[in-house]
Number of protein chains: 2
Amino acid sequence: MLQIESRASERVKALVRLRDSALERREKGAFFAEGLRLCTDIAGVQPALEAYCTRAALAAHPQLAALADETALISDSVAEKLAGTKNTQGVFCVFRLPQPLRTVRPGGRYVALEHVQDPANVGALLRSAAAFGFEGALLCGGCADPFSQKALRASMGAAVKLGIARYEDAPQMAGALRAAGVPLVAAALRDSVPLADARADDARGVAVLVGNEGNGLTDEAVRAADVAVRIPMAPGVESLNAAVAGGVLLWHFRGGACPQA
Amino acid sequence: MLQIESRASERVKALVRLRDSALERREKGAFFAEGLRLCTDIAGVQPALEAYCTRAALAAHPQLAALADETALISDSVAEKLAGTKNTQGVFCVFRLPQPLRTVRPGGRYVALEHVQDPANVGALLRSAAAFGFEGALLCGGCADPFSQKALRASMGAAVKLGIARYEDAPQMAGALRAAGVPLVAAALRDSVPLADARADDARGVAVLVGNEGNGLTDEAVRAADVAVRIPMAPGVESLNAAVAGGVLLWHFRGGACPQA
C-alpha cells in the first residue's frame with residue numbers, strides 16, 4: 001500500500017492544485033473530494049481514480065480500501081494539508097469529471113443557472129434539482145464551479161448525478177432549449193406571473209432559470225425565456241435566499257418525474 | 001457628534017460583547033447589527049438605540065445620521081474591530097430586542113424550529129417565513145440565536161418582523177399550539193404523508209416544525225405533532241439542505257395570508 005508521509009510531496013501538491021483550481025480540474029479531467037460521506041456517495045455512482053485515507057480513518061472504516069483500485073495511506077499532517085483544517089475525517093478521493101451533458105433532450109427537466117456566484121448556492125441548487133428528479137444542470141455566465149470544494153459539499157454529490165452543460169450566455173442556452181422544444185422559465189420579480197399560476201407541460205419538460213444572488217437575472221436572460229415567474233412575497237420582504245427561492249421553483253416544476261411516495 | 005477613535009474604548013468592548021454573546025444580548029435587552037442594508041431595514045421597523053458610522057460611510061449615505069437619536073463617528077480601526085474584518089461598510093447599530101411573542105394565536109401561522117443549530121439556517125428559515133406571510137417563529141431545544149450576526153445576516157432582518165417565542169422542548173411548544181387550536185405539522189422522512197397530500201385549514205392556522213440539520217426532529221417532537229409530512233425525493237437522494245426543505249414546506253403552507261400577486 002502506497003504511503004505518503006510528507007506534505008511537501010509532489011503528489012500532495014498536485015492534489016491541492018486539483019482541489020483549488022477549476023482550470024486544473026478541467027485540464028486533468030478530474031476533481032478532488034473530501035469526507036467519508038461525500039466520497040462514499042460519489043463512489044456509489046462512479047469508482048474513484050485515487051483514494052487517500054489516514055490510518056485512523058481506514059481502521060474505523062475498512063470499506064474505504066475498496067473506494068479505488070489502490071488506496072494510499074496518508075499521515076495526519078498530509079490529511080491536514082489536504083483538508084486545509086485540523087478537523088478532518090482523513091478521507092479524500094480523486095474522481096473523473098463526469099462527461100458534460102451533450103444535448104438538451106425534448107421532455108427533459110433542467111435547472112439553469114446564470115451568474116450564480118456563491119458555490120454553496122450552486123451546490124444547494126444542484127442538490128435540490130437532483131432531489132426533485134431533474135436530470136441536468138445548465139450553467140451560463142460566471143457561475144461558481146460545481147466541482148469546487150464548497151459546491152461539492154453543498155451539493156452532497158449531486159454534481160455527478162446530474163448531467164452538466166455549460167453555455168456562453170443565456171441566449172445560447174435558450175437556443176439549445178428551443179431546439180429541443182423545452183420551455184425556459186425565468187425567475188424574475190417584475191413582469192412575471194405568480195408561481196402558483198404557472199404550470200409546466202410534463203410532456204415538453206422544463207428548464208428553470210435562476211440568476212445572480214444580488215442582481216437576479218440579466219435582462220437578456222429574461223428576454224430569452226418563454227415565461228417569467230415570481231414567488232409572491234409579503235409586503236416589506238424583498239427577496240429570499242437564492243438557494244431557497246430556487247428550491248421552491250424546482251419543487252413547483254418537479255412534474256411527474258419525481259416519485260410522489 | 002460623539003467620536004470614538006480607539007478600539008480599546010469601553011464602548012467598543014461593550015459592543016463586541018453584544019455582538020458575540022447571546023447572554024449579553026438577553027441581559028441588555030438589545031442586539032448589535034452590521035451593514036448599511038441590514039441596519040436600514042431594521043430601522044424601518046424600529047428606531048436604533050445607537051448608531052455608529054465611519055466618516056466615509058456617513059459622507060456616502062447622509063441619511064445614516066437619522067438612524068438613531070445620536071449617531072457616533074468611529075475611526076476605521078474601530079470599524080474593523082466591530083466588523084471583525086477589513087471589508088466593512090462601516091455602519092453599525094444597536095437595537096432593542098423585540099418583545100417575545102407572548103401567546104400563540106388561534107388561526108396564526110408559525111415556523112417552529114427544534115435544534116436548528118446553524119445560524120445561517122435559522123436566519124434563512126425566518127426570512128422565508130416572513131416572505132410567505134407567517135407571523136411568528138417558535139424555537140425550542142438548542143436553536144442558534146436569531147440575533148447572532150450570522151443569523152441576522154441570513155434573515156435580512158426578518159427576526160424583528162416576526163414575533164419570536166422560546167420553549168423548553170417540543171412537547172411544551174405543542175401544548176401552546178394545542179391550546180390555541182393551531183395544528184402542528186412536523187417534517188419527517190418516515191411515517192409521514194407526501195407534502196402534496198397535506199393541506200392546512202386556513203381558519204385554524206398552522207405551525208410548520210423543522211428539525212436539526214443532521215438528525216431531523218426528535219421522536220418526541222414527531223409524536224407531539226398532529227401530522228408528519230415529507231418532501232418526496234428521487235431515488236438515491238437522501239436529503240435536502242435544511243433551509244431549502246423548510247422553505248418548500250413554508251411555501252406549501254403559506255395559506256391565504258401571503259399575497260398572490
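**Here we look at the sheet that holds strand E12 (residues 227-230) of chain A**
Residue and element names in this part refer to chain A.
Part 1 of the argument: Taken in spatial order, the seven strands of this open sheet run E8-E7-E6-E11-E9-E12-E10, and their pairing is parallel. Looking at which strands have only one partner, the edges of the open sheet turn out to be strand E8 (163-167) and strand E10 (193-194).
Part 2 of the argument: Against the sheet, helix H6 (residues 119-131) touches strand E6 (109-114), strand E7 (136-140), E8 and strand E11 (206-210), its axis set at about 170° to E6.
Part 3 of the argument: The sheet contacts of helix H11 (residues 242-252) involve E6, strand E9 (184-187), E11 and E12, and relative to E11 the element is tilted by about 165°.

**Focus: helix H6 (residues 119-131) of chain B**
Residues and elements named next belong to chain B.
Part 1 of the argument: Its 13 residues give H6 an end-to-end C-alpha distance of 18 Å, which sits within 8% of 18 Å, the value for a rise of 1.5 Å per residue.
Part 2 of the argument: The buried count for H6 comes to 11 of 13 residues, which makes it a mostly enclosed element.
Part 3 of the argument: Those residues of H6 lying buried are Asn121, Val122, Gly123, Ala124, Leu125, Leu126, Arg127, Ser128, Ala129, Ala130 and Ala131.
Part 4 of the argument: By the N-cap criterion, in which a side-chain oxygen at the helix start approaches the backbone nitrogen of a residue two or three places on, H6 is capped by Asp118, the distance to Ala120 being 2.7 Å.
Part 5 of the argument: Of the residues one or two after H6, Gly133 is the one with positive phi, at around 80°.

**Notes on the sheet that holds strand E4 (residues 71-74) of chain B**
Residue and element names in this part refer to chain B.
Part 1 of the argument: Spatial strand order, E1-E4-E3-E5-E2: five strands in an open sheet with mixed pairing. The open sheet has two edge strands with one neighbour each: strand E1 (3-4) and strand E2 (30-34).
Part 2 of the argument: As paired strands, E2 and strand E5 (residues 91-96) are joined by five bridges and run antiparallel to one another. Bridge pairing in E5 links Ala30 to Arg96.

**Description of the relation of the copies chain A and chain B**
Part 1 of the argument: Once chain A has been moved 0.0 Å along the axis and rotated by 180°, it coincides with chain B to within an RMSD of 0.0 Å. Viewed as a symmetry operation, the transformation between the two copies matches a two-fold axis.
Part 2 of the argument: Mapped onto chain B, 100% of the interface residues of chain A again fall at the interface, so both copies present the same surface.

**A look at the layout of surface pockets**
Residues and elements named next belong to chain A.
Part 1 of the argument: Taken as a whole, the second largest pocket holds about 430 Å³ of empty space.
Part 2 of the argument: Contributing to the lining of the second largest pocket are 22 residues, with Arg26, Asp145, Phe147, Ile164 and Arg166 lying nearest its centre.
Part 3 of the argument: Elements that contribute at least two residues to the lining of the second largest pocket include exactly helix H2 (22-28), E7 and E8.
Part 4 of the argument: At five residues, E8 tops the list of elements feeding residues into the lining of the second largest pocket.

**A look at the environment of Thr54 of chain B**
All names here are of chain B.
Part 1 of the argument: Within the secondary structure, Thr54 sits in strand E3 (residues 50-54).
Part 2 of the argument: Residue Thr54 is classed as buried on the basis of its relative accessible area of 5%.
Part 3 of the argument: Through-space distance from the C-alpha of Thr54 to that of Leu73 is 5.6 Å; in sequence the pair is 19 residues apart.
Part 4 of the argument: A polar contact of 3.1 Å, which involves the side chain of Thr54, links it to the backbone nitrogen of Ala57.

**Examining the pairing of strand E5 (residues 91-96) of chain A**
Two faces make up the sheet, and in a regular strand the side chains alternate between them.
All names here are of chain A.
Part 1 of the argument: A large share of E5 lies buried, amounting to five of its six residues.
Part 2 of the argument: Looking at chain direction, strand E3 (residues 50-54) and E5 are connected through four bridges and run antiparallel. Opposite Tyr52, over in E5, you have Phe92 as the bridge partner.

**Focus on the packing of H6 of chain A against H11 of chain A**
Residues and elements named next belong to chain A.
Part 1 of the argument: Put simply, H6 and H11 touch, their axes get as near as 9 Å, and they point 15° apart. Between H6 and H11, the interaxial angle falls into the category roughly parallel. The handedness of the crossing between H6 and H11 is right-handed. Contact residues: H6 offers Asn121, Ala124, Leu125, Ser128 and Ala129, while H11 offers Ala242, Ala243, Gly246, Gly247 and Leu250.

Thresholds, definitions, all that
- Residues numbered from 1 in each chain as written.
- Chains lettered and ligands numbered in written order.
- Predicted model: local features only at pLDDT ≥ 70, side-chain atom pairs only at ≥ 80, totals over all residues.
- Heavy atoms only, no water.
- Pairing = 2+ DSSP bridges.
- Helix = DSSP H or I, 4+ residues; strand = E, 2+ residues; numbered from the N terminus.
- Contact = heavy atoms within 4.5 Å.
- Axes fitted to C-alpha atoms, helices over the stretch in contact; angles between N-to-C directions.
- Expected span 1.5 Å × (residues − 1).
- Buried < 20%, exposed > 50% of the residue type's maximum accessible area, 1.4 Å probe, protein only.
- Polar contact = N/O pair within 3.5 Å; in protein donor to acceptor, adjacent residues only side chain to side chain.
- Least-squares fit on C-alpha atoms with pLDDT ≥ 70 in both.
- 1 Å grid on protein atoms, 1.4 Å probe; cavity = no way out; pocket = protein on both sides within 12 Å on 5 of 7 lines; lining within 4 Å.
- Points joined across faces, edges and corners; volume = space filled by probe spheres on them.
- Parallel < 35°, antiparallel > 145°, perpendicular 65-115°, else oblique.
- Left-handed = near helix turned anticlockwise from the far one by under 90°.

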